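# Structural overview for review
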Amino acid sequence: MNRSGTIHMWILVVGLASLVAALVTAMLKNSLGAPVAEAVLSAGMAFGGAFGLGLGILGALQQSRFRSTRRGSR
């Protein structure tokens, strides 16, 4: 069911989207006058949250795909 490299590509997409979210967060915090350390910490939290959410979504999609193929084989 899993094509070679497909899941790796989606993890890369999630990582890049998380990186964009972190960069936007850092730029917004810095433009509001927050210290650099606070902006970096906020960016790290944004990256972690977005990456975790993305991996959770990928896992849920993988699980639902696995269940639908199991039901069809009975």
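Above: the structure in question.
A brief structural summary. (Residues numbered from 1 in each chain as written. Predicted model: local features only at pLDDT ≥ 70, side-chain atom pairs only at ≥ 80, totals over all residues. Heavy atoms only, no water.)

### Topic: the side chain of S42
- Here S42 is to be found in helix α2 (residues 36-72).
- On the basis of relative accessible area, S42 is assigned to the buried category, the value being 13%.
- Not counting residues up to four positions away in its chain, the partners in contact with S42 are T25 and K29. (Helix = DSSP H or I, 4+ residues; strand = E, 2+ residues; numbered from the N terminus. Buried < 20%, exposed > 50% of the residue type's maximum accessible area, 1.4 Å probe, protein only. Contact = heavy atoms within 4.5 Å.)

### Side note on helix α1 (residues 6-31)
- For α1, which comprises 26 residues, the first-to-last C-alpha distance of 38 Å matches the rise-based estimate of 38 Å (1.5 Å per residue) to within 8%.
- Looking at α1, one finds that the buried residues are V14, G15, S18 and A22.
- One or two residues past the end of α1 sits G33, with phi positive at roughly 95°. (Expected span 1.5 Å × (residues − 1).)

### Some words on the environment of S31
- With respect to the element layout, S31 can be found in helix α1.
- Under the relative-accessibility criterion, S31 is labelled exposed at 57%.
- Here the side chain of S31 touches L28 through a polar contact of 2.9 Å, landing on its backbone oxygen. (Polar contact = N/O pair within 3.5 Å; in protein donor to acceptor, adjacent residues only side chain to side chain.)

### Details of a nonpolar patch on the surface
- The grouping of L12, L16, L19, V20, L23, V24, M27, L28 and F47 at the surface amounts to a nonpolar patch, some 850 Å² of accessible area in total.
- For the nonpolar patch, the element with the highest residue contribution is α1, accounting for 8 residues.
- Topologically, L16 is positioned in helix α1.
- Judged by relative accessible area, which is 49%, L16 ranks as partly exposed. (Patch = residues over 30% accessible without salt bridge, like charges linked within 9 Å, V, L, I, M, F, W, Y side chains within 5 Å. Areas by Shrake-Rupley, 256 points an atom, 1.4 Å probe, with all protein chains shown as cover. Salt bridge = Lys/Arg side-chain N within 4 Å of Asp/Glu carboxyl O.)

### A short note on the side chain of S18
- Its place among the elements puts S18 in helix α1.
- From its side chain, S18 meets the backbone nitrogen of F51 in a polar contact 3.1 Å long.
- Contact partners of S18, with chain neighbours within four places excluded, come to F47, A50 and F51.

### Quick notes on the environment of A17
- One can find A17 in helix α1.
- The partly exposed category is assigned to A17, whose relative accessible area is 48%.
- Here the alpha-carbon distance between A17 and F47, two residues 30 residues apart in the chain, equals 8.7 Å.

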